[in-house]
Amino acid sequence: MRKTGFTSVAILITILFLLNFAQAQKIDITNASILISNKIKSPVRATLIKILQEEISNRTSVAWHTAKNWDSGKNAIIAIALSRDKKLFGKTIPQRNKSGDAEYKPEGYRIFTQKKDGKNIVWILGADARGCLFGVGHILRTAVLLDKKAYLSQPLDLATSPMQSIRGHQLGYRNTANSYDAWDVAQYEKYIRELALFGTNAIENIPFGPDDSPHMPIPREKMNIEMSKICAAYDLDYWVWTPATFDLKDNEKRTAMLKTHEAFYKACPKLDQIFFPGGDPGHNHPREVMPFLHDLSKLLKKHHPKAGMWISLQGFSAEQIDYFYTYLDEFKPDWLRGVVSGPSSPSIAGTRHRLPAQYRHRHYPDITHNLRCDYPAINWDQAYMLTIGREGINPQPNYYAKIHATYAPFTDGFVAYSDGAHDDVNKVVWSMRSWDIEKNVRDIMIDYCRFFFGDQVAEKAADGIFGLEHNWVGPIIENGSIETTFEYWQKLEKENPQLAGNWRWQMLVLRAYYDTYQRRRKIYETGLEKEANAILAKAQSIGADKALDKALAIVNKADSEPVAQDLHTKIVQYFDDLFHSIGLQTDVEKYKASGAQRGCMLQFVNYPLNNRWWLVDESKKIKALATEKEKLARLKIIHTWENPGDGSYYDNVSNIETGRRVLTTQYDACDVAWWDGGYSRERLSSQLFQWEPVLEYENLDFNGRYIIRVCGQGDALIRVDGERLEPVLYNKDRGEFKEFVVPKHITQDGKMRVSFDKPEESHLRWTKFSHISDVWVIKR
């Protein structure tokens with residue numbers, strides 16, 4: 001008893017000591033004044049003051065004022081100067097005790113704290129104006145900012161500079177965007193500022209195009225200039241993405257485009273880089289592109305002498321790529337700044353290897369799309385593909401950190417492709433990891449949540465984001481953690497009503513509801529389909545037409561008796577909140593989204609997760625058949641589709657739930673259909689496919705005879721253990737069957753490898769390519 005009592009007292013003393021130590025470590029900056037060097041160039045100096053005053057006021061309701069000298073400050077001073085300055089307003093700037101020169105490298109900064117004359121001094125020393133900006137961002141990200149209180153949790157002494165010199169994001173003010181087109185100048189400035197505070201140094205706009213949006217508060221031409229002004233105020237590089245979607249051999253259009261460019265160049269107070277995509281869009285040969293860019297560069301230098309031209313090789317053929325590099329070798333154009341690697345470009349590593357050292361190399365990563373893109377969501381359930389879709393809310397911090405780490409060694413940095421605020425988390429991850437590739441991803445997320453949601457919820461919200469990322473890993477029905485993450489976010493939602501109007505918070509809480517709703521729907525609707533198939537299995541005894549009617553009544557309960565409607569109500573409300581808070585357009589009809597693939601999560605929230613639409617259409621065909629025997633034969637195919645019987649196997653290619661024997665993955669996610677504007681009534685398995693799948697089978701019957709049945713589109717050039725098989729049935733229409741007899745000698749070891757050669761179809765658009773969706777190995 002005495003020992004236990006002594007231990008309890010010791011623990012209490014230790015806790016009190018740690019609390020007192022933590023309290024003593026705090027650097028109070030609640031009533032700080034801002035003392036900033038006059039050597040920091042205009043207009044950035046004024047911008048730094050504005051950032052500190054507005055962000056502190058918004059988060060603490062405390063006003064920070066500028067000081068004219070050291071005596072005019074209160075109990076704390078935020079002292080901002082250039083790293084090479086010796087003094088600030090007569091006071092000697094202390095020298096760094098630790099070794100290192102990061103604060104002298106471009107955009108680098110040093111932050112340290114000291115106690116002097118009863119005041120807490122926070123020094124922010126930037127190598128240049130940008131370094132001061134990023135130093136201010138560091139303080140705002142890491143400080144604890146509460147109502148009427150602001151402090152640093154511990155003394156600081158650090159110096160850092162960015163690993164990569166280009167860290168940007170495309171924020172095109174155009175109709176295609178799912179939210180940017182609804183922003184006014186103030187919203188753009190706020191968002192650009194927030195990106196800058198997390199290390200972003202470049203913003204890319206899309207200034208030209210006919211697609212004006214019904215949401216635009218000001219004309220596109222005016223916003224183009226306003227974005228230039230914002231970048232000038234924050235000392236950020238202003239990039240523009242300017243394709244040529246016409247034939248450059250058309251002199252009239254070429255001349256008109258040159259005039260359009262020059263007028264834009266002249267109007268911009270700041271313009272740093274022009275990015276011309278070689279393809280996507282555009283189909284011009286580099287023999288026309290390079291002279292055109294040379295002409296553009298002359299106009300650019302006239303108005304912005306330090307600006308540069310960039311080109312991507314997107315969509316270029318091997319011959320066109322060779323032509324481009326031959327051009328570089330022959331002419332060595334000094335007007336070309338560098339090459340951009342984006343979707344459909346040659347390999348990033350290969351580009352850096354082949355590109356002469358004098359030219360820079362920029363990554364153009366797609367962090368905004370989940371499907372039909374460079375970096376599709378991995379191991380994603382079809383339920384999400386059909387509902388969240390290509391451009392849904394997609395915080396994936398770990399995934400995108402890995403992608404960045406893979407390609408960063410071959411580039412000078414990135415400007416990411418984005419078409420909306422839905423990928424906000426991914427933007428911050430790319431910016432911060434481009435500053436420091438070793439930066440812990442969880443620490444990045446804690447900073448993110450501290451800055452946008454507050455210190456008290458920062459760690460909990462950060463872990464909640466990782467929970468949302470895990471929601472997307474693996475079959476949705478098997479992923480029980482979706483429900484756990486939902487409960488976690490529901491608790492955060494209830495405990496933090498002050499964040500209800502915060503659009504970033506709305507997105508995260510919404511995703512928790514949305515993911516859970518789709519899981520519960522998938523469980524329910526899959527169960528209904530199993531019940532319906534059990535009815536169809538009895539068709540021989542109750543009659544084909546009667547069985548069909550009963551089966552349809554069961555599967556259609558998904559519409560007449562829907563599940564989890566309380567979640568659906570919340571989802572609808574959150575989407576409406578997001579439209580009004582950030583302009584997020586999630587439905588073409590309701591919110592005037594530019595297209596169904598552009599973030600329309602609300603529009604597809606109830607897309608069928610069983611095959612009821614397909615079964616309705618099939619029932620009409622079956623009832624039109626001439627004989628009962630024909631009807632029963634077709635019904636047997638339907639109810640045994642995924643369960644072909646003992647000793648037989650079924651795989652839906654590219655379905656992580658029912659494609660267990662498939663070894664291949666279509667990494668560009670062109671294995672997910674987009675038919676009929678997203679409202680395809682095809683069987684769900686037909687909407688997932690690959691061009692060259694490979695499957696492996698084990699435990700086959702040594703003495704068994706097997707037929708391979710294939711469903712898909714076009715040709716199926718099948719090989720079994722490398723041996724090409726000839727068909728006994730060969731229907732090429734989508735959804736029809738092909739069948740092949742497996743020679744007995746192949747299965748005598750109990751194993752079999754099935755592969756498909758890709759037909760020569762270069763004359764076709766990729767959507768028309770032959771593909772495989774379903775594969776059966778049926779024992780006879």
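Our structure's up above, just so we're on the same page.
In this report, the structure presented in the accompanying data block is examined. If you're wondering where the values come from, they're calculated on a predicted model, not measured in any experiment.

Observations regarding the sheet that holds strand S11 (residues 157–160)
Then step 1. One open sheet accounts for 6 strands, arranged S3-S2-S4-S8-S7-S11; its pairing is mixed. Sheet topology places strand S3 (65–66) and S11 at the edges, where each strand pairs with a single neighbour.
Then step 2. Judged from the 8 bridges that link them, strand S7 (residues 109–116) and strand S8 (residues 119–126) form a sheet pairing that is antiparallel. Opposite Thr113, over in S8, you have Val122 as the bridge partner.
Then step 3. Lying over the sheet, helix H2 (residues 44–60) contacts strand S2 (32–36), S3 and strand S4 (76–82), oriented at roughly 170° with respect to S2.

Some remarks on the side chain of Glu189
Then step 1. Of note, Glu189 is situated in helix H4 (residues 185–197).
Then step 2. Glu189 gets classed as buried once you look at its relative accessible area, which sits at 18%.
Then step 3. Setting aside its immediate chain neighbours within four residues, Glu189 contacts Lys50, Ile230 and Tyr234.

What to know about helix H15 (residues 481–495)
Then step 1. Across its 15 residues, H15 extends 21 Å between first and last C-alpha, which sits within 8% of the 21 Å expected from 1.5 Å per residue.
Then step 2. Every buried residue belonging to H15 is among Ile482, Glu483, Thr485, Phe486, Trp489, Leu492 and Glu493, and all of these are buried.
Then step 3. Where H15 is buried, its residues meet helix H10 (382–387), helix H14 (458–471), helix H16 (503–536) and helix H20 (565–582).

Points about empty space enclosed by the protein
Then step 1. Under the definition given, this model contains 5 cavities of 30 Å³ or more.
Then step 2. In this model, the largest cavity occupies a volume close to 200 Å³.
Then step 3. Together, 24 residues line the largest cavity, and Met385, Leu386, Gly389, Trp674 and Gly678 are the ones closest to its centre.
Then step 4. Taken together, the residues of the lining of the largest cavity sort by class into 14 nonpolar, 7 polar and 3 charged.

Examining the sheet that holds strand S9 (residues 144–146)
Then step 1. Spatially, 3 strands are ordered S1-S10-S9 in an open sheet, and the strand pairing comes out antiparallel. The strands lining the two open edges of the sheet, one partner per strand, are strand S1 (27–28) and S9.
Then step 2. As paired strands, S1 and strand S10 (residues 149–152) are joined by 2 bridges and run antiparallel to one another. Residue pairing in the sheet places Ile27 in a bridge with Leu152 of S10.

A closer look at the packing of aromatic side chains
Then step 1. As enumerated under the stated definition, the model contains 48 aromatic pairs in all.
Then step 2. Arranged with centres 6.1 Å apart and planes meeting at 25°, the rings of Trp380 and Tyr384 form a pair that is stacked.
Then step 3. The class for Tyr384 is buried, based on a relative accessible area of 0%.
Then step 4. Pairing Phe486 with Tyr513 gives two aromatic rings, centres 4.9 Å apart and planes at 75°, and the pair type is edge-to-face. With a gap of 27 residues between them, Phe486 in helix H15 and Tyr513 in helix H16 connect regions that are remote in the sequence.
Then step 5. For Phe486, a relative accessible area of 4% corresponds to the buried category.
Then step 6. Members of the aromatic cluster, connected to one another through ring pairs, are Phe198, Tyr448, Phe451, Phe452, Phe453, Trp489 and Trp505.
Then step 7. A cation over an aromatic ring shows up here: Arg59 above the ring of Phe451, its NZ or CZ 3.9 Å from the ring centre.

Rules and cut-offs
Residues numbered from 1 in each chain as written. Predicted model: local features only at pLDDT ≥ 70, side-chain atom pairs only at ≥ 80, totals over all residues. Heavy atoms only, no water. Pairing = 2+ DSSP bridges. Helix = DSSP H or I, 4+ residues; strand = E, 2+ residues; numbered from the N terminus. Contact = heavy atoms within 4.5 Å. Axes fitted to C-alpha atoms, helices over the stretch in contact; angles between N-to-C directions. Buried < 20%, exposed > 50% of the residue type's maximum accessible area, 1.4 Å probe, protein only. Expected span 1.5 Å × (residues − 1). 1 Å grid on protein atoms, 1.4 Å probe; cavity = no way out; pocket = protein on both sides within 12 Å on 5 of 7 lines; lining within 4 Å. Points joined across faces, edges and corners; volume = space filled by probe spheres on them. Nonpolar A, V, L, I, M, F, W, Y, C, P; charged D, E, K, R; others polar. Phe/Tyr/Trp six-rings, centres within 6.5 Å; stacked < 30°, edge-to-face > 60°. Lys NZ or Arg CZ within 6 Å of the ring centre and 35° of its normal.

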